[in-house]
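Fold and contact review
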Amino acid sequence: MNPHGPQCRGVNGVLQRVGDKWSMLTINALADGPKRFSELRRSIEGISQRMLTLTVRGLERDGMLTRTVTPSIPPRVDYELTDLGRSLQQPVGQLARWAVEHLTVIQAAQQRFDVAADAREGGKLDR
């Protein structure tokens, strides 16, 4: 695949969406079925209303979820994964399992890096 070709640029856009923290958490939160916006927001720790709005819009645009408005007072809005969105659950789950399995190794590497970076910065300040 040409790294500068249109197909690669398209893949980059898809990977940015599905690799986004909030998109992954939203897909995971909808794994057990449709949710109202407020339910979805409560199930994703730390997400703001604005960020959830942007996330569900992007996922809807990409065909990963559907938004259904039921006319009532107030209007009821439900979000549900499409077949395409459900097909992401397995790879997202695998990635999450990989992260959990390697978390201590990654944290140790980060700590070694930070200590070395602090030592380099400290040496520059002492001169």
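Residues numbered from 1 in each chain as written. Predicted model: local features only at pLDDT ≥ 70, side-chain atom pairs only at ≥ 80, totals over all residues. Heavy atoms only, no water.

1. Digging into the overall build of the chain
So the rule is basically this: In this text, helices come from DSSP runs of H or I with a minimum length of four residues, and strands from runs of E with a minimum of two, each type numbered from the N-terminal end. For each residue, the accessible area found with a 1.4 Å probe, counting protein chains only, is set against the maximum for its type, and the residue is called buried under 20%, exposed over 50%, and partly exposed in between. Between two residues, a contact is recorded if the distance between any of their heavy atoms is within 4.5 Å. The protein chains shown are the only cover counted for residues, whose accessible areas, like all others here, come from Shrake-Rupley with a 1.4 Å probe.
Secondary structure summary: the chain contains six helices and three strands in total. By the burial criterion, 26% of the 127 residues in the chain qualify as buried. For the chain, the proportion of contacts with a sequence separation of at least 24, taken over those separated by at least 6, is 39%. When the accessible area of the chain is evaluated, it comes to approximately 9,300 Å², of which 55% is carbon and sulfur surface.

2. Concerning the packing of aromatic side chains
Quick note on the threshold: Side-chain rings of Phe, Tyr and Trp (the six-membered ring for Trp) are treated as a pair once their centres are within 6.5 Å; stacked means planes under 30 degrees apart, edge-to-face means over 60, and tilted covers the remaining angles. Consider the ring centre and the ring normal. A charge sits over the ring if Lys NZ or Arg CZ is within 6 Å of that centre and within 35 degrees of that normal.
Tallied over the full model, the rule gives one aromatic pair. Ring geometry for Phe37 against Tyr79: centres 6.2 Å apart, planes inclined by 55 degrees, an arrangement best described as tilted. Of this pair, Phe37 sits in helix α3 (residues 37-43) while Tyr79 sits in strand β3 (residues 76-81), placing them 42 residues apart in sequence. Accessibility assignment for this pair places Phe37 and Tyr79 in one class, buried. Above the ring of Phe113, the side-chain terminus of Arg120 is found at 6.0 Å from the ring centroid.

3. Thoughts on the layout of surface pockets
We apply this condition: In this analysis the probe radius is 1.4 Å and the grid spacing 1 Å, with only protein atoms considered; a cavity is a set of points the probe fits into but cannot get out of, a pocket is an open set with protein on both sides within 12 Å along at least five of seven lines, and lining residues have an atom within 4 Å of a point. Grid points are joined across faces, edges and corners, and a volume is the space filled by probe spheres set on the points. Only Asp, Glu, Lys and Arg are considered charged, only Ala, Val, Leu, Ile, Met, Phe, Trp, Tyr, Cys and Pro nonpolar, and every remaining residue, Gly among them, polar.
The space that makes up the largest pocket amounts to roughly 150 Å³. If you go around the largest pocket, the residues you meet are Met24, Leu25, Ile27, Asn28, Ala31, Gln89, Val92, Gly93 and Ala96. For the lining of the largest pocket, the secondary-structure elements that each account for two or more residues are α2 (21-29) and α6 (89-126). Residue composition of the lining of the largest pocket, by class: six nonpolar, three polar and no charged.

4. Remarks on the sheet that holds strand β1 (residues 35-36)
Operational definition: Two strands pair under a simple rule: DSSP has to find at least two bridges between them.
Taken in spatial order, the three strands of this open sheet run β1-β3-β2, and their pairing is antiparallel. Two strands bound the open sheet, and with one partner strand each, they are β1 and β2 (65-70).

5. Description of the nonpolar core
We apply this condition: Side-chain atoms within 4.5 Å link the members of a nonpolar core, which is a set of buried Ala, Val, Leu, Ile, Met, Phe, Trp, Tyr and Cys residues.
Ranked by internal contacts, the top residues of the largest apolar core, which has 20 residues, are Leu40, Ile44, Leu52 and Tyr79. Those elements that place two or more of their residues in this core are α2, α3, α4 (49-61) and β3. Element by element, the count of residues in this core is highest for α2, at four residues. Leaving out residues up to four positions away in the same chain, Leu52 has contacts with Thr26, Phe37, Leu40, Arg41, Ile44 and Ile47.

6. Focus on the environment of Val92
For Val92, the location among the structural elements is in helix α6. Between the alpha carbons of Val92 and Ile27 there is a distance of 8.5 Å; along the sequence they are 65 residues apart.

7. Describing the side chain of Thr26
Relative to the elements of secondary structure, Thr26 occurs in helix α2. Judged by its relative accessible area of 0%, Thr26 falls in the buried class.

8. Some details on the confidence of the model for the chain
Definition in use: The predictor attaches a confidence to each residue, called pLDDT, with possible values from 0 through 100.
When pLDDT is averaged along the chain, the result is 87; 89% of the residues meet or exceed 70. Element-level mean pLDDT values for the chain span from 72 in helix α1 (residues 6-19) up to 96 in β1.

9. A look at the pattern of salt bridges
Our working definition: By definition, a salt bridge exists where a carboxyl oxygen of Asp or Glu is found within 4 Å of a side-chain nitrogen of Lys or Arg.
Per the stated rule, a full pass over the model turns up three salt bridges. Across the pair Asp32 and Lys35 runs a salt bridge, and its minimum N-O distance is 2.7 Å. Residue classification places Lys35 among the buried positions, given a relative accessible area of 12%. Across the pair Asp83 and Arg86 runs a salt bridge, and its minimum N-O distance is 2.5 Å. Within this pair, Asp83 and its partner Arg86 are both found in helix α5 (residues 83-87), separated by three residues, close to a single helical turn. Classification of Asp83 as exposed rests on a relative accessible area of 60%. Judged by relative accessible area, Arg86 falls into the partly exposed class, the value being 37%.

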